[in-house]
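Per-entry structural report
Residue strings, one per chain:
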Amino acid sequence: MVVTPDNDFVGKLHSPPESNPKFTMIDKLKIGEQLETYIIFTNPKIDEKSSVDVKYDVKITRPYNRVTYNKDLEGKSGKLSGSSDSYYLADASLRFKAEPTDPIGEWIIDVTVHDNHSHASIPLSAKFVLEK
């Protein structure tokens, strides 16, 4: 899982290595700023139809323990464009823009990636502090 304020993360990820892209991670965010959360995975199980089925769930815990869930977000489904041991960026990402009404304090992003063919699940976690 990558949590970044960089709105060109995907472009940098696909840029040639010689361009030496700089990736920015985040642990603090201010009101008015935004971040994006990307899921990168490898080695999904391929079924008899040469397809994969990867989804993920997101649980966001805001300050004061207010929790929201997003379930069955699209990781990757269907046939892969490369081998299963390549790295893949999930089809869905999450964007968060800090609004003046958002609570100040620690936010926790818990993601569980599900490979539905292998019945494997992998938990991931990140956090950031929202400041004034």
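Figured I'd write up the structure that's included with this text. (Residues numbered from 1 in each chain as written. Predicted model: local features only at pLDDT ≥ 70, side-chain atom pairs only at ≥ 80, totals over all residues. Heavy atoms only, no water.)

**Regarding the pattern of salt bridges**
By the definition in use, this model includes five salt bridges. Note that K55 is salt-bridged to E74, the shortest N-O span being 2.9 Å. Highlighted residues: K55 in strand β5 (residues 52-61) and E74 in strand β6 (residues 67-78), separated in sequence by 19 residues. For E74, a relative accessible area of 25% gives the class partly exposed. The partner of D91 in a salt bridge is K76, and the shortest N-O contact between them spans 2.8 Å. Remark: K76 occurs in strand β6 and D91 occurs in the loop between β7 (87-89) and β8 (94-97); sequence separation between them is 15 residues. Given a relative accessible area of 17%, K76 falls into the buried group. (Salt bridge = Lys/Arg side-chain N within 4 Å of Asp/Glu carboxyl O. Helix = DSSP H or I, 4+ residues; strand = E, 2+ residues; numbered from the N terminus. Buried < 20%, exposed > 50% of the residue type's maximum accessible area, 1.4 Å probe, protein only.)

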